[in-house]
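Report on the structure
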Amino acid sequence: MNSFFKYDDIIAKAGEKALEAASASFARIDEIRAYNQEKVLAAFIKNSVNESHFTESTGYGYGDRGRDVLDNVLADCVGAEDSLIRHSLTCGTHTLGVALFGMLRPGDTMLCVTGTPYDTIHSVIGIKGNGMGSLKDFGVTYKQVDLLEDGTIDYEGIEKALDEKIAMVYIQRSRGYSLRPSLGVEDIEKISKIVRNKSDAIIMVDNCYGEFVERTEPVSHGADIIAGSLIKNPGGGIAKCGGYIAGRADLVEKCAYRMTTPGLGREVGPSLGQTRGLFMGLFNAPHIVGEALKTAVFAASLFEQLGYETTPHSSEKRVDIIQALKLCNSETLVAFCQGMQKGAPIDSNVCPEPWDMPGYDNQVIMSAGAFTGGSSIELSSDAPLREPFAVWMQGSLNFDSGKVGVMLAAQEIYKRGLLK
Ligand SMILES: *Cc1c(COP(=O)(O)O)cnc(C)c1O
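Everything numeric in this text was worked out from a predicted model, so none of it was measured.

Quick look at the overall build of the chain
In terms of helices and strands, the chain carries eleven helices and twelve strands. In summary, the chain has a C-alpha radius of gyration of 21 Å against a globular reference of 22 Å for 420 residues, a match within 12%. If one aligns the C-alpha atoms of the chain with their principal axes, the spans along those axes are about 65 × 50 × 40 Å. Buried positions account for 56% of the 420 residues belonging to the chain. When contacts within the chain are restricted to residue pairs at least 6 apart in sequence, long-range pairs at least 24 apart make up 70% of them. Element-wise, carbon and sulfur atoms account for 52% of the exposed surface of the chain, whose accessible area totals about 17,700 Å².

Quick notes on the site of the ligand
Every residue near the ligand is listed here: Cys-91, Gly-92, Thr-93, Leu-96, Tyr-118, Gln-172, Asp-206, Cys-208, Tyr-209, Ser-229 and Lys-232. Gly-92 is positioned with one of its backbone polar atoms (N or O) 2.7 Å from an oxygen atom of the ligand. In this structure, Asp-206 approaches the ligand through a side-chain N or O atom, which is 2.6 Å from a nitrogen atom. Within the complex, the protein chains bury 89% of what would otherwise be the 370 Å² of accessible surface of the ligand. For the shell around the ligand, the leading source of residues is helix α4 (residues 92-103), giving three residues. For the shell around the ligand, the per-class residue count stands at five nonpolar, four polar and two charged.

Notes on the nonpolar core
Within the largest apolar cluster, 92 residues are counted, with the highest numbers of intra-cluster contacts made by Ile-158, Ile-171, Ile-191, Leu-302, Phe-303, Leu-327 and Phe-336. Each of two domains, domain 1 (9-37 + 285-415) and domain 2 (38-282), supplies a minimum of three residues to this core. Contact partners of Ile-171, with chain neighbours within four places excluded, come to Val-113, Thr-114, Leu-183, Ile-188, Ile-191, Ile-203, Met-204, Val-205 and Asp-206.

A few points about the domain arrangement of the chain
The domain boundaries assigned to the chain delineate domain 1 (9-37 + 285-415) and domain 2 (38-282). Here the C-alpha centre of domain 2 lies 26 Å away from the C-alpha centre of domain 1. Taken together, both faces of the contact between domain 1 and domain 2 bury some 2,800 Å²; the carbon and sulfur share is 57%. Summed over the three residues of domain 1 that lose the most area to domain 2, namely Asn-36, Val-319 and Trp-392, the buried surface amounts to 20% of that side. The tally of links between domain 1 and domain 2 comes to two salt bridges. Applying the counting criterion to the domain 1 and domain 2 interface returns 23 residue pairs in polar contact (both at pLDDT 80 or more). Per element, the largest residue contribution to the side of domain 1 that touches domain 2 is six residues, and it comes from helix α2 (residues 23-46).

The rules behind each value
- Residues numbered from 1 in each chain as written.
- Predicted model: local features only at pLDDT ≥ 70, side-chain atom pairs only at ≥ 80, totals over all residues.
- Heavy atoms only, no water.
- Helix = DSSP H or I, 4+ residues; strand = E, 2+ residues; numbered from the N terminus.
- Rg over C-alpha atoms; globule rule 2.2 N^0.38 Å.
- Buried < 20%, exposed > 50% of the residue type's maximum accessible area, 1.4 Å probe, protein only.
- Contact = heavy atoms within 4.5 Å.
- Areas by Shrake-Rupley, 256 points an atom, 1.4 Å probe, with all protein chains shown as cover.
- Near = heavy atom within 4 Å.
- Polar contact = N/O pair within 3.5 Å; in protein donor to acceptor, adjacent residues only side chain to side chain.
- Nonpolar A, V, L, I, M, F, W, Y, C, P; charged D, E, K, R; others polar.
- Core = buried A, V, L, I, M, F, W, Y, C linked by side-chain atoms within 4.5 Å.
- Domains from an automatic or database assignment.
- Buried area = accessible area lost by both parts, 1.4 Å probe.
- Salt bridge = Lys/Arg side-chain N within 4 Å of Asp/Glu carboxyl O.

What follows is the structure, given as structure tokens:
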């Protein structure tokens, strides 16, 4: 350990041991990162990306060559027929909403097979809120198959729930703020096979936090369409905002008509100078995801050394960049987030406090110190102050600084006399 940051002996030693214990997981991450980096480079070369593609378009943005080439590059990176990647998709929720409204029609039923979906999607579906123009307001019915008690997929339940009214099967890959296991592409393939046996429903995956964590994406395992946010994995920490949708060409076209308007679709939408950042972020994404994964594994390993329960365990195979740590009580959660904030490159001088966040029954504390507002491919943590007293953390643009953030979180817990 270097001299820029001070740790007590017990934390410094645990850090060294944690690093040693993580070496096999790190090697696995390196292998996948190298594979995905070559895949992305090959996609850039196949599509002959040129400097001229970075040219800014304004107004309608007709014939923006860079925008169209970028769509093809992303499609090749994720194994899709077609894709839309746009700074004008404002966030992950917006992107998922565009995809849902783009593909579902009045009278259709959407079946979520991974339990209750991510909080912000509830208002899109219409299981929360009124009069906002949700899918429900437009005559789309929502059903869900709950997870089994241990948080795993109810494959039999899915098979039973499939009928001719189901127009879409919706899968959320990442755990969100729950402790259920996140889904790997193999789990998604298993669900897809069950669905395809009985139904030609569209299989859609909320792919947030999963991109470039495995060698392939859900599209190569039976999913018809995937969507996600550019201030998470595929933006590589460089995209300033945005989202993407990728998959079957006929479905991507429908989404394009919702993204702008019927008739215009993908033909309009000026790049406003954002294309270079989107190309560069996508190019860097496999590397950045590797750094975020190492930070997550190190955090798990360190807190295992200190006697805490972690999920996933530091030795487990990764399918997204989220790490949950069970820290036993509110005081420890607060110490963790305040300690991590001290190691952020931006806003290290602010002290996060628990607050009554709209939509939550308990107070929530968060740490974030990012170059891009709200970016969670940069190191950040969130903890609702309630059972099971877990903190969810993700990101880091590089492992060396992410490690400091995690170490300072542990140091703060120790300093306050809260260590288990
Ligand atoms: C982040 C996330 C979203 C929503 O993305 P925002 O950019 O926050 O709107 C949806 N689903 C999952 C699983 C996510 O992790």
